[in-house]
Amino acid sequence: MPETRLRICPFCEATCGLTLELNGRQVTSVRGDDDDVFSKGFLCPKGAALVELDGDPDRLRRPLVRRDGRLVETTWDEAFAEIERRLPAIAQQHGKDAIAVYLGNPSVHNVGLALYGQVFLRALRTSNVYSASTVDQIPKQLASGLMYGTYTTVAVPDIDRTDLLLIFGADPMSSNGSLWTVPDFPGRLRALQRRGGRCLVFDPRRSRTAEVADRHYFVRPGSDAQLLMALVHTLFAEDLVRPGKLLEHVDGFAALRAAAADFTPELVAPICGMAADDIVAIARQLAAAPRAALYGRIGTCTQEFGTLASWLIDVLNVLTGNLDRPGGAMFPKSAAYAANTHGEPGVGSGIRIGRRHSRVRQAPEVMGELPVACLAEEIETPGVGQVRALVTIAGNPVLSTPNGARLSRALESLEFMVSLDIYLNETSRHADVVLPGMTPLETSHFDAIFPQFGYRNAARYSPPVLPPPAQAQAEWQSLLRLTGIITGQGVQADLDGLDDFVAMTQIQRAVGDTRSPVYGRKAAEILECLTPRRGPERLIDLALQCGPYGAGFGANPAGVSLRLLEENPHGIDLGELTPRLPELLRTPSGKIELAPQLLLADVERLRRSLEARHGNGRLQLVGRRHLRSNNSWLHNLPRLSGGRPRCTLLIHPLDAAERGLVDGGKASLRSRVGEVEVDVEISEAMMPGVVSLPHGWGHDVEGTRLQVAARSPGVNSNRLSDEAALDVVSGNAVLNGIPVEIATIR
Ligand SMILES: Nc1nc2c(c(=O)[nH]1)N[C@H]1C(S)=C(S)[C@@H](COP(=O)(O)OP(=O)(O)OC[C@H]3O[C@@H](n4cnc5c(=O)[nH]c(N)nc54)[C@H](O)[C@@H]3O)O[C@H]1N2
Ligand SMILES: Nc1nc2c(c(=O)[nH]1)N[C@H]1C(S)=C(S)[C@@H](COP(=O)(O)OP(=O)(O)OC[C@H]3O[C@@H](n4cnc5c(=O)[nH]c(N)nc54)[C@H](O)[C@@H]3O)O[C@H]1N2
Ligand code: SF4
Ligand SMILES: [Mo]
């Protein structure tokens, strides 16, 4: 008899609930869970491919250790013994900063990694913390942190109630949304249009989202901040600023107005490749819409003015009175882990950046991290604080960060490298020890982060679908073992004792917090209430019970706990988004900072860009995503590969003709840092002067174990992105708008 099980999909931020059918260990089908309170039956082709990930013969199941230059299978004990022999010695000899860590994207989608990765980082105490955030969303988090006081207070469009949705540099029809957890974006957009609403898309490529939108505007890469400034300028100039109820919660209107003064539509239009009349018309539409929301993502973050563009999107939501109101851009209230639900409501210490700087380039720390674009130079440059060892946790920086070729060389020069990964890929092939994770089916799932960006409030949990195989070790346990090693307790450290310590630290924080429902209670009593749970489940239960809807260990018996989620496998709906101002603010002023000093200072850089002129025969390179792909790591699943080649260079017919390029031909694409050979695809979807190549490809290197991916390897677009180019305030890499030249290969 087939059995039915439920599992939240871990692949992307939409977090769809899936229904799996099992025959023994074999998953026979995957569907969307119609009863899931949040995703209501939606799924995409990646979710259905979960079956193949579980069965992939290339997926690592046993640890690997380097012997005589080759990675060979070994036991868990031997793998950790090797780490104990080599890793702590490096910190002892060269200091704690000699060990760097890189956290990849799935470490946010895997609760064991998310919770215990932090435990390991605290034990390491290194300044050299890097992650995919600085090739992704850190500009939005910095802008939000400056405006609202915490890094995860991010406003999301209230899509189900809005009349006008403006999308900048995002393609949710392909990506299913990001910093916006919105399963079934396609259906929600259709519903918006059916009720008479409109969607405008701003993108240098006619993306899938642009195709279904009501209007698409080509914008030149890297010019969003100028365009958004021109919209701000127009609202002020035409007396269309209507913050309404927000007025009492906002500081900085005058400074903002002054900052936008120079950015007239006429001056900005040629920079972004739009008509000045269109910019004015958009500002008027925005002001006239009863309910509107602006949203921006990768294209607005991973570019030269990432933080300014991210900030100005929220600025426009404020100026039009759309922030924090139904149908506008609203703030979710998550059941666990949200900084904006802890501490005193309405005021806080805000965020601080630059508490330290990178050694070589002096780039400031943001959100506890240094820019990953600095990692290679920190490895290569001798001196005190040089990085000599690296631990990667669910990441593939060789393919996902700028100048991948240089980073790959730098990794070769490390004294020691450990990778926690489920594949032997372009990055983990450099490791001395690889520790495999289990498959999503063998682990539980709880989203600690994404409900903070949900289109609706909900809490859901999935227990493991399959029992782990005998030899497997959970990744949270691997991280505890690494913690034991790095704190000098060795491979034999008492893991239960360490885990109790982790739980106790968090319990103590809760009982000492005057705002917590368990304030003043005995830590030992709370620990007892959590028994017999251990590991991530114990921490999740604690966070849920002490959260804004929490049961508080008896204080609110009807409240949320892990048990309640277990009893409701399709999730608990916590309702549509509701206004949260001023309660969610954690700025020192208790206000929304509309014009933070750090950003006003960066406007000077933006102003100078108005004088720059594009052209000189160069093209600008941008990226894109495909529905059947997930960054660098699902290319090994047969179900998601095959079909037409996807890693092609899209180029406008005029640009192609000018350079003698033909569709299907080969061309050489060159930037300051590298050169790759690409397959040309001529396409009217591109803005003239802009070409597009997806990232996450380049699976043709030696020493990996990715047989399916290697058959259609594509090229690594990050061989072209320049590690010297940063959005200076956030340290995010510039991955869009890279100047390139192209020549045909005959
Ligand atoms: N040019 C360009 N570059 C980009 C982008 C772009 O748009 N353009 N996008 C950027 C963005 S948004 C991101 S998020 C980054 C992603 O950058 P990364 O996070 O560095 O790369 P991923 O491709 O997501 O690789 C994830 C790795 O985690 C492994 N993995 C998957 N599940 C698990 C698990 O459960 N446990 C463990 N231990 N490992 C697991 C996979 O095998 C893979 O090696 O790329 C960035 N790079
Ligand atoms: N299928 C699939 N889904 C994914 C992923 C995946 O790899 N595949 N990755 C996941 C991850 S980690 C993330 S972060 C999200 C990202 O999700 P999205 O932000 O939606 O990312 P993209 O689909 O790359 O869309 C970015 C768009 O920005 C445009 N663009 C480039 N430069 C500029 C610019 O300067 N200005 C403007 N206005 N537009 C520009 C590009 O042409 C592209 O259409 O997707 C997630 N979901
Ligand atoms: S949209 Fe697809 S990949 Fe994303 S969570 Fe849903 S099923 Fe998974
Ligand atoms: Mo991402």
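Parameters and conventions
- Residue numbers restart at each chain and count upward from 1, following the sequence in its written direction.
- Chains and ligands are labelled sequentially in the order written, the chains with letters from A and the ligands with numbers from 1.
- At least 70 in pLDDT is required for a residue's local features to be given in this predicted model, at least 80 for side-chain atom pairs to be given and counted, and no such filter applies to totals for whole chains, interfaces and linings, which use all residues.
- With hydrogens and water excluded, all non-hydrogen atoms of the structure serve as input to the side-chain values.
- Think of it this way: one heavy atom of a residue within 4 Å of a molecule or strand is enough to make that residue near it.
- Pairs of N or O atoms within 3.5 Å make up the polar contacts considered here, provided that, within protein, one atom can donate a hydrogen while the other can accept it, and that residues adjacent in sequence are counted only when both atoms are side-chain atoms.
- With residues, only the protein chains shown are counted as cover, and all accessible areas are computed by Shrake-Rupley using a 1.4 Å probe.
- Side-chain classes are defined by residue name, with Ala, Val, Leu, Ile, Met, Phe, Trp, Tyr, Cys and Pro counting as nonpolar, Asp, Glu, Lys and Arg as charged, and the others, Gly among them, as polar.
- All the domain ranges listed were derived from an automatic or database domain assignment.
- Numbering goes from the N terminus for both helices and strands, where a helix is a DSSP run of H or I of at least four residues and a strand is a run of E of at least two.
- Whether two residues touch is decided by their heavy atoms; if any such pair falls within 4.5 Å, the residues are in contact.
- Multiplying 1.5 Å by the residue count of a helix minus one yields the expected span of that helix.
- With a 1.4 Å probe rolled over the protein chains alone, any residue whose accessible area is under 20% of its type maximum counts as buried; one over 50% counts as exposed, and the rest are partly exposed.
- Every axis in this analysis is a line fitted to C-alpha atoms, fitted for helices over the stretch in contact. Angles between the N-to-C directions lie between 0 and 180 degrees.
- An angle below 35 degrees is treated as roughly parallel, one above 145 as roughly antiparallel, one from 65 to 115 as roughly perpendicular, and anything else as oblique.
- Helix crossings get a hand from a simple test, with the near helix turned counterclockwise from the far one by less than a right angle marking a left-handed crossing and a clockwise turn marking a right-handed one.

1. Structural notes on the site of ligand 1
In the vicinity of ligand 1 there are 29 residues, among which Tyr102, Asn105, Asp421, Asn425 and Ser632 approach most closely. Residue asparagine 396 places a main-chain N or O atom 2.8 Å away from an oxygen atom belonging to ligand 1. Within the side chain of aspartate 421, an N or O atom sits 2.5 Å from an oxygen atom of ligand 1. Burial of ligand 1 by the protein amounts to 96% of the accessible area it has alone, namely 910 Å². Of the residues contributing to the shell around ligand 1, the split by class is 13 nonpolar, twelve polar and four charged. Composition of the shell around ligand 1 by domain shows at least three residues from each of domain 2 (64-126 + 371-435) and domain 5 (615-745).

2. Comments concerning the side chain of glutamine 473
Mapping glutamine 473 onto the fold places it in the loop between strand S18 (457-459) and helix H19 (475-486). At a separation of 3.5 Å, a polar atom in the side chain of glutamine 473 contacts the side chain of serine 478. Sequence-distant contacts of glutamine 473, defined by excluding residues within four places in its chain, comprise Trp76, Phe80, Pro436, Met438, Ser478 and Arg481.

3. Description of helix H15 (residues 306-319)
Taking 1.5 Å per residue, 14 residues should reach 20 Å; H15 reaches 20 Å between its end C-alpha atoms and fits that length. Of all the 14 residues making up H15, 14 are buried; the element is thus mostly covered by neighbouring parts of the structure. Of the residues one or two after H15, glycine 321 is the one with positive phi, at around 75 degrees.

4. Remarks on the domain arrangement of the protein
Taken domain by domain, the protein consists of domain 1 (1-55), domain 2 (64-126 + 371-435), domain 3 (138-344 + 589-606), domain 4 (494-575) and domain 5 (615-745). Measuring from the centre of the C-alpha atoms in domain 2 to the corresponding centre in domain 3 gives 37 Å.

5. Overview of the packing of helix H10 (residues 224-237) against H15
The N-to-C vectors of H10 and H15 enclose an angle of 25 degrees; their axes lie 8 Å apart at closest approach. In terms of axis orientation, H10 runs roughly parallel to H15. As for the relative orientation of H10 and H15, their crossing is left-handed in sense. From H10, Asp224, Ala225, Leu228, Met229, Leu231, Val232, Leu235 and Phe236 reach across to H15, where they touch Leu308, Ala309, Trp311, Leu312, Ile313, Val315, Leu316 and Leu319. Tallied by class, the residues present in the contact of H10 with H15 amount to 15 nonpolar, no polar and one charged.

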